[in-house]
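An overview of the molecular structure
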Amino acid sequence: MNISSDPWIWISALMSLAIFSFLYRDNPFYRFAEHIFVGVANGWAVTFYWHNVLSPSLFDPLFRQGQVYYILPFVVGMLYFTRFIPRVSWLVRIPIGLYMGYYIGVSIPSTLQAYIIKQVQGTILTSQNFQTWNAGSMGVVWSVILLIGVMCTLAYFFFSREHKGALGIASRIGIIFVMVGFGAAFGYTVMARISLLIGRLQFLLGPWLGVIE
Amino acid sequence: MKIIETLTNIDRRIIYLILLIVVLLPLLFPSVEKVRVMAPVEKLYYAIDTIPSEKAVIVDFDYEPQTAPELDPMGFAILRHVFERRIKLLVLSLYVQPLGLAQNALTQVTEEFNSVAKTNADSIIYGRDYVFLGWVPPPIIPILGMAESITSVYTVDYYGNQTDTLPLMQEVTNYNDVGLLVSLSGSDIPKWWVAYAQSRFGLPVGAGITAVSASEFYPYLQTGQFSGLLVGMKGGAEYEEMVERTLKIKVRRKASEALLSLTYAHLVMILFIVIGNIGYFAKRRKK
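Residues numbered from 1 in each chain as written. Chains lettered and ligands numbered in written order. Predicted model: local features only at pLDDT ≥ 70, side-chain atom pairs only at ≥ 80, totals over all residues.

1. Focus: the overall build of chain B
A count of helices and strands for chain B gives 13 helices and six strands. Within chain B, contacts between residues at least 6 apart in sequence are counted, and of these 73% link residues at least 24 apart. (Helix = DSSP H or I, 4+ residues; strand = E, 2+ residues; numbered from the N terminus. Contact = placed C-beta atoms within 7 Å.)

Okay, structure coming up:
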């Protein structure tokens, strides 16, 4: 056992234990660690963004280097603060509109291509798609199951008609696929959360207590 | 019936304690079992392994301390793989918080290589073998801008050097010189690379993600939009296995050491779910 003498390791370890103490019940140690975290995170973010974004990308060029055209983004950015003045608060729509317009313009073609068209292509029964499963002749079976799953799940979320007859059968099959999806997601969530616990324990046993390498 | 009553009313703190014990014990006596490598991990490994010598790989470190236990092992293993194969490497982050983790991984892995290097050619040298580009906000700017010119987007690197003075950046100018981008992220970022860099400029993308988001990302592997996929600590352990098996790099494998804890924890969870369900149905029958 080789306990660390580094004060930063000790602070980190004690903060971790303080947060873990919430598992027993709410207590002052937990609340202390929580407030410290929020304060430090905010302080760090403000200074970081000042030194790495606002200062080098706006204030330095505008006020120190005299690049006057930076006045335009400066003024548009400042319009965000008009929210606090009721009489001119409508001006906030200008930066929001510019921001939304840019992102929507950039996003629509790309997301449509990547998230919709490619996914639809991947659902179609083609020999190329059978091979993506790396399952030999079973690739056909998996592709068919995928197609049934997609169609039936879509049927389940089709609310314009009563779920009776063929639509009823399809939607009942669809709910099975949805439930399997939820089950898989929950299983992965357990794995993720346990992994995070393992990571913290590896830190406590290693760098802090020196029990393991 | 009294047993069922007792089992279904176990105090949550007892469950936490049992979980802590089963996770802790294997960590106190770490051992690495043979890991079975799944196809998505193999695909990413060989996607990196087969990058032509004139092309570079970009590794996007975009995870924060809260997801580092899952994604750090992937990052370390990929860096070892890239450096061992002497593939040109660019490292970046689309957000601020991951910068420290990326720097930590680069420092540690380059030290591993340089401590055993005998000549200058064997060493991993900054500017020649890799460049840490750092961070430029907002994320859409570097994703789109690097298609035209990387040095125009990242005029200075993480350490403040002018990027156009670095030898590696003379060879890697834009996405045409990049063979693969690997995005390690606890959020949606790998999908952004697919949407903006792949569908517009044809950049091949691989991903390392947290287990919690796995079911959201698998469809992109099936369609071939991801060149490979690493999921959670298990994915990290599989990549560590590939690196050790094929490149004979023997280092501590943090993700592989954790697999026993992960397995026992899952068994305990399954046990409690079964107990809970037995109790629920027994109570319902009684009513």
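There is more to say, and it comes next.
2. Overview of the overall build of chain A
A count of helices and strands for chain A gives seven helices and zero strands. Secondary structure of chain A in N-to-C order comes out as α-α-α-α-α-α-α. For 213 residues, the compact-globule estimate of 2.2 N^0.38 gives 17 Å, and chain A exceeds it by more than 25% at 27 Å. Based on the C-alpha atoms only, the size of chain A along its principal axes is roughly 65 × 60 × 35 Å. With 213 residues in all, chain A has 9% of them scored as buried. (Rg over C-alpha atoms; globule rule 2.2 N^0.38 Å. Buried ≥ 20, exposed ≤ 12 C-beta atoms within 10 Å, placed from the backbone.)

3. Some details on the domain arrangement of chain B
Residues and elements named next belong to chain B. What the domain assignment reports for chain B is domain 1 (1–32 + 257–287) and domain 2 (33–252). Between domain 1 and domain 2, the C-alpha centre-to-centre distance is 37 Å. Of the residues lining the interface, six residues belong to domain 1; the matching set on domain 2 comes to four residues. A class-by-class count of the residues in the side of domain 1 that touches domain 2 yields five nonpolar, one polar and no charged. (Domains from an automatic or database assignment. Nonpolar A, V, L, I, M, F, W, Y, C, P; charged D, E, K, R; others polar.)

4. Here's the deal with the confidence of the model for chain A
The pLDDT averaged across chain A works out to 93; a share of 100% of its residues lies at or above 70. Within chain A, helix 1 (residues 7–20) of chain A carries the highest mean pLDDT (96), whereas helix 5 (residues 127–131) of chain A carries the lowest (87). (pLDDT = per-residue confidence, 0-100.)

5. With respect to the pairing of strand 4 (residues 178–185) of chain B
All names here are of chain B. For strand 4, a buried count of eight out of eight residues is recorded, marking the element as mostly surrounded by other parts of the structure. As paired elements, strand 1 (residues 56–62) and strand 4 share seven bridges and run parallel to each other. Counted as the bridge partner of Ala 56 is Val 178 from strand 4. Here strand 4 pairs with strand 5 (residues 205–209) via five bridges, running parallel. Paired with Leu 184 across the strands is Gly 208, a residue of strand 5. (Pairing = 2+ DSSP bridges.)

6. Things to note about the interface of chain B and chain A
Contacts between chain B and chain A engage 41 residues on the former and 36 residues on the latter. Among the elements of the structure, helix 2 (12–28), helix 4 (68–84), helix 9 (189–201), helix 10 (214–222), helix 11 (232–247) and helix 13 (259–286) of chain B are those that each provide at least two residues to the side of chain B that touches chain A. For the side of chain B that touches chain A, a count of residues per class yields 24 nonpolar, 12 polar and five charged.

7. A word on the sheet that holds strand 6 (residues 226–231) of chain B
All names here are of chain B. Strand order in the open sheet made by the six strands is 3-2-1-4-5-6, with parallel pairing throughout. Edge positions in the sheet fall to strand 3 (130–134) and strand 6, since each has one partner strand and no second. Each strand of the sheet is rotated relative to its neighbour by a mean of 15°, with strand direction disregarded. Here four bridges tie strand 2 (residues 88–92) to strand 3, and the two strands are oriented parallel to one another. Within strand 3, the residue paired with Leu 90 across the bridge is Val 131. Helix 5 (residues 99–116) contacts strand 1, strand 2 and strand 3 of the sheet and is inclined by roughly 170° relative to strand 3. (Axes fitted to C-alpha atoms, helices over the stretch in contact; angles between N-to-C directions.)

8. Side note on the nonpolar core
In terms of nonpolar packing, the biggest core is built from 90 residues, with Val 57 and Val 91 of chain B touching the most fellow members. Three or more residues apiece are contributed to this core by two domains, here domain 1 (1–32 + 257–287) and domain 2 (33–252) of chain B. (Core = buried A, V, L, I, M, F, W, Y, C linked by C-beta atoms within 7 Å.)

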